[in-house]
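# Structural features, examined
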Amino acid sequence: MERINPVIEEKWKEILWKEFQSPYFSELKEFLVEEKKQFTIFPPGNLMFNAFQHTPFDHVKAVVLGQDPYHGSGQAHGLCFSVPPGIPKPPSLVNIFKELHADLGIPVPEHGNLEKWADQGVLLLNATLSVRTGQAGSHQNRGWETFTNRVIEQISAHKSGVVFLLWGRYAQAKESLIDDQKHLILKAAHPSPFSAYNGFFGCQHFSKTNEYLEQHGINGIDWTL
């Protein structure tokens, strides 16, 4: 079996090395190679592990769980809910910023690039790290979920005092992977326009995250962008 040696932050590589060498990951890599022959895949290959590059394992303070990368041209850059500068803000991100403003009074940003959050320790993790252009969910059940579940388990096992923000039923299904005796789990509806009014608006997760971190002697997140 070919050794897989991805470009990823060193501590993450150490923590996840067994995953990269496992049969399911080899199958996932083969699947992606074949997909790229026929389709445009998002995000670009060099950005699939972008969340890990921006948020080294030792720096993780909070985890936001998404489902799929955006599947429109230029949107996905490896951080869940985030888009690069110059790309219009998707509806869920618009609602995230509305709640941020209501919670902390932070002005709604002009752009949708969340790298500043990631660089401060917010792991912006999608369950699936790639997608076929224009086809939401097209890379689900190919191995990514096994990998990202392991990421969550490793954070839960090896760290303490991390805030997990689980927005929507898909993210909340991951709750069993997290030790709630060591970490804070915050749950709310998904910020999508279809569900934001069912409990995302008013959840105050941004202030609650900082309150918990500061109670544990950890600097809070500057949510301003």
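In this report, the structure presented in the accompanying data block is examined. The residue numbering used here restarts from 1 in each chain and proceeds along that chain's sequence as written. With the structure being a predicted model, the display of local features is reserved for residues of pLDDT at least 70 and the display and counting of side-chain atom pairs for 80 or more, all residues being used for whole-chain, interface and lining totals. Only hydrogens and water are set aside when side-chain values are computed; all heavy atoms of the structure are taken into account.

Note on geometry: axes are lines fitted to C-alpha atoms, helical ones only across the stretch in contact, with angles between N-to-C directions running from 0 to 180 degrees. Each helix is a run of H or I in the DSSP string that is no shorter than four residues. Each strand is a run of E no shorter than two, and both are numbered from the N terminus. Across the interface, helix H4 (residues 91–104) lies against helix H8 (residues 205–215) with an axial gap of 8 Å and an inter-helix angle of 60°. Between H4 and H8, the angle falls in the class oblique. Across the interface between the two elements, Ile 96, Glu 99, Leu 100, Asp 103 and Leu 104 from H4 touch His 205, Phe 206 and Ser 207 from H8. Each residue gets one of three labels, nonpolar for Ala, Val, Leu, Ile, Met, Phe, Trp, Tyr, Cys and Pro, charged for Asp, Glu, Lys and Arg, and polar for the others, Gly among them. Considered class by class, the residues forming the contact of H4 with H8 number 4 nonpolar, 2 polar and 2 charged. Just so you know how the angles are binned, under 35 degrees is roughly parallel, over 145 roughly antiparallel, 65 to 115 roughly perpendicular, and the rest oblique. Two residues qualify as a contact provided that any one of their heavy atoms is within 4.5 Å of a heavy atom in the partner residue.

What follows deals with the nonpolar core. Most often, soluble globular proteins keep nonpolar side chains buried together rather than apart. Trp 12, Phe 52, Phe 147 and Ile 155 are the most contacted members of the largest nonpolar core, which totals 69 residues. Among residues more than four places away in sequence, those in contact with Ile 155 are Trp 12, Phe 57, Val 60, Val 63, Leu 123, Val 162, Phe 164 and His 183. Remark: nonpolar core denotes a set of buried residues (Ala, Val, Leu, Ile, Met, Phe, Trp, Tyr, Cys) joined through side-chain atoms within 4.5 Å. Exposure is judged per residue with a 1.4 Å probe applied to protein chains only, and the accessible area is read against the type maximum: over 50% gives exposed, under 20% gives buried, and values in between give partly exposed.

What follows covers the pairing of strand S3 (residues 122–126). Within S3, 5 of the 5 residues are buried, which leaves the element mostly enclosed by the surrounding structure. Burial of the side chains of S3 extends over both faces: Val 122, Leu 124 and Asn 126 are buried on one face and Leu 123 and Leu 125 on the other. The pairing of strand S2 (residues 62–66) with S3 spans 5 bridges and is classified as parallel. When the bridges of S3 are listed, Val 63 appears paired with Leu 123. Each pair of strands is called paired provided DSSP finds at least two bridges between the two strands.

A few words now on the environment of Ile 106. When you line up the elements, Ile 106 lands in the loop between H4 and helix H5 (115–119). Judged by its relative accessible area of 10%, Ile 106 falls in the buried class. The spatial distance from the C-alpha of Ile 106 to the C-alpha of Asn 141 is 38 Å, given a sequence separation of 35 residues. Discounting residues that sit within four places of it in the chain, Ile 106 has contacts with Leu 100, His 101, Trp 223 and Thr 224.

What follows covers the pattern of salt bridges. By definition, a salt bridge exists where a carboxyl oxygen of Asp or Glu is found within 4 Å of a side-chain nitrogen of Lys or Arg. Applying the stated criterion across every chain, the model contains 8 salt bridges. Measuring nitrogen to oxygen at the nearest pair gives 3.2 Å for the salt bridge that ties Lys 11 to Asp 58. Here Asp 58 lies in the loop between helix H3 (50–54) and S2 and Lys 11 lies in helix H1 (residues 10–20), a separation of 47 residues in the sequence. On the basis of relative accessible area, Lys 11 is assigned to the partly exposed category, the value being 25%. Salt-bridge contacts for Asp 222 lead to Lys 116; the nearest nitrogen and oxygen are separated by 3.2 Å. Of the two residues, Asp 222 is situated in the segment after H8 and Lys 116 in helix H5; the sequence distance between them amounts to 106 residues. For Asp 222, a relative accessible area of 36% puts it in the partly exposed group. When its relative accessible area of 35% is taken as the criterion, Lys 116 is described as partly exposed. Here the salt bridges share partners, and the residues they tie into one network are Glu 19, Arg 150 and Glu 153.

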